[in-house]
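# Reading the structure
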Amino acid sequence: MNDRRIVVVIDRDEEVRSLLRATLQEAGFAVHCATTGESGVALVRAKQPDTVTLDLVLPDTDGYDVLRRIREFSHTYILIITARSDLRTTLKGFDAGADDYMVKPIRPRELRARVDGMLRRPRQLTVPPIVTPREPPLVSPRLRTFATATATAKTVQAPDPAQGPTAVRDLAATGCAPARGYERSYEHKGLELDCATRAATLGGRALQLTRTEFDLLHILLQRGSGVVTKAELVGLLGLVKRETDNPEVAPAGVRDPGRIIETHIGNLRRKLGDDARKPRWLKTVRGAGYTLA
């Protein structure tokens, strides 16, 4: 059985496609290429890839439009690869639903690091499930330590409403799949996050979130009333390669990582209908970061 992860490359340039194919195949991926936006969307729909690399300049359509169309049916990780390096273009890409951004010329080591970083994000967001001995979680060996600790619990304490968002139900984990991790659901003021299906609803209405927006919301719900700094969010979300494991230290080479986070927070607020001046869900702590309102 072929269990290799799949990448779809959407790029008009034959040399770029060849470089991406060679680099990603060497890293163990099954690579499928498309030269136009239309064929790229069809290929993503057919192959259901783990990751997509997307050029913004395509012969038949705008790359942002391709990105938005993919987001209508897929939560795959999307890495924009383009010659454009201005901040406006970068932020527009994140706003359209991209998970990361890379400027040409392509450096193979950086490409592998960015793809690996995206695929590692869910593992950084996992939370040990609270379970009774009758429902032991099925976990991979590297997560068994957490499972052993929680499986010894005799009772499950009722959640305290004063402690922020409530984990409304615990679901048995089925392993360490990149897009899932430990599966759990949270509720906060009518906002519900189901980590098993990676679905978010507000008052029963489905929210169309990108992977990064979902993971960002997941972090804030996990932290509850605690403040999460912008530098910490950049590191936890894996938006750039880190030189240290300390989440409080801003990644090297990033002059203002907070701008990226501000864009994602702004997108989340828009989709939630939240007001930064009178927040109901996402609160900015000036000079510190973000927390739940």
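The following paragraphs examine the structure supplied in this document. What you are looking at is a predicted structure, and each value in this text was computed from that prediction instead of being measured.

## Looking at the pairing of strand S9 (residues 199-202)
Residues Ala 200 and Leu 202 of S9 are buried on one face, while the alternating residues Ala 199 and Thr 201, pointing to the opposite face, are not. Bridging between strand S8 (residues 191-194) and S9 involves four bridges; their strand directions are antiparallel. Each residue of the ladder has a partner; that of Glu 192, found in S9, is Thr 201. A loop of four residues connects S8 with S9, the two strands running antiparallel in sequence, and Arg 198 in this loop sits at a positive phi of about 55°. Where S9 folds back on strand S10 (residues 205-207), the antiparallel hairpin that results is connected by two residues, among which Gly 203 adopts a positive phi of roughly 60°.

## Side note on the nonpolar core
Core analysis: the largest hydrophobic core is formed by 27 residues, its most contacted members being Leu 217 and Leu 282. No other element matches the six residues that helix H7 (residues 211-223) contributes to this core. Residues contacting Leu 217, with those up to four places away along its chain left out, are Leu 191, Leu 193, Leu 209, Leu 268 and Leu 282. Counting 21 residues, the second largest nonpolar core, distinct from the first, contains Ile 10, Leu 43, Leu 56 and Ile 70.

## Quick look at the pairing of strand S3 (residues 51-54)
Side chains of S3 alternate between two faces, with Thr 51 and Thr 53 and Val 52 and Leu 54 buried alike. As judged from the four bridges shared by strand S1 (residues 6-10) and S3, these two strands associate in the parallel manner. Note on S3: the bridge partner recorded for Val 9 is Thr 53. As paired strands, S3 and strand S4 (residues 77-82) are joined by four bridges and run parallel to one another. Residue pairing across strands places Thr 53 opposite Leu 79, the latter belonging to S4. Once the chain exits S3 it traverses helix H3 (residues 63-71) before rejoining the sheet at S4, and the crossover so formed is right-handed.

## Concerning the sheet that holds strand S2 (residues 30-34)
Pairing within the open sheet is parallel, and its five strands lie in the order S2-S1-S3-S4-S5. The outermost strands of the open sheet, each flanked by one partner alone, are S2 and strand S5 (100-103). For this sheet, the mean angle separating the axes of adjacent strands, direction not counted, is 20°. Each of S1, S2, S3 and S4 touches helix H1 (residues 14-26); the most contacted strand, S2, lies at about 165° to it.

## With respect to the packing of H3 against helix H4 (residues 87-96)
Direction vectors running N to C along H3 and H4 enclose 20°, while the axes themselves pass 9 Å from each other. In terms of orientation, H3 lies roughly parallel with respect to H4. For the element pair H3 and H4, the recorded crossing hand is right-handed. Contacts between H3 and H4 pair Tyr 64, Leu 67, Arg 68 and Arg 71 from the former with Thr 89, Lys 92, Gly 93 and Ala 96 from the latter.

## Overview of the pattern of salt bridges
Tallied over the entire structure, the rule returns 13 salt bridges. Here Arg 198 ties to Asp 215 by a salt bridge, and the two come within 3.0 Å at their closest N and O atoms. Of the two residues, Arg 198 sits in the loop between S8 and S9 while Asp 215 sits in helix H7, which places them 17 residues apart along the sequence. A salt bridge links Asp 275 to Arg 277, with the nearest nitrogen and oxygen atoms 3.5 Å apart. A relative accessible area of 31% means that Asp 275 is categorised as partly exposed.

## Quick notes on unusual backbone geometry
With an omega dihedral of 10°, the bond running from Lys 104 to Pro 105 counts as a cis peptide bond. Of note, Pro 105 is situated in the loop between S5 and helix H5 (108-124). Even without a glycine there, the phi angle at Gln 48 is positive, about 50°. Position of Gln 48 among the secondary structure elements: in the loop between helix H2 (37-47) and S3. Positive phi is not limited to glycine here, since Arg 198 has a value of about 55°.

## Points about the sheet that holds strand S13 (residues 289-292)
Here three strands make up an open sheet; going across it, the order is S11-S13-S12 and the pairing antiparallel. Whereas interior strands pair on both sides, the edge strands pair on one side only; in this sheet they are strand S11 (228-229) and strand S12 (282-285). As paired strands, S11 and S13 are joined by two bridges and run antiparallel to one another. By the bridge assignment for S13, Val 228 is matched with Tyr 290.

Reading the values: rules and limits
- Residues numbered from 1 in each chain as written.
- Predicted model: local features only at pLDDT ≥ 70, side-chain atom pairs only at ≥ 80, totals over all residues.
- Heavy atoms only, no water.
- Buried < 20%, exposed > 50% of the residue type's maximum accessible area, 1.4 Å probe, protein only.
- Helix = DSSP H or I, 4+ residues; strand = E, 2+ residues; numbered from the N terminus.
- Pairing = 2+ DSSP bridges.
- Core = buried A, V, L, I, M, F, W, Y, C linked by side-chain atoms within 4.5 Å.
- Contact = heavy atoms within 4.5 Å.
- Right-handed = clockwise from strand over helix to strand, strands pointing away.
- Axes fitted to C-alpha atoms, helices over the stretch in contact; angles between N-to-C directions.
- Parallel < 35°, antiparallel > 145°, perpendicular 65-115°, else oblique.
- Left-handed = near helix turned anticlockwise from the far one by under 90°.
- Salt bridge = Lys/Arg side-chain N within 4 Å of Asp/Glu carboxyl O.

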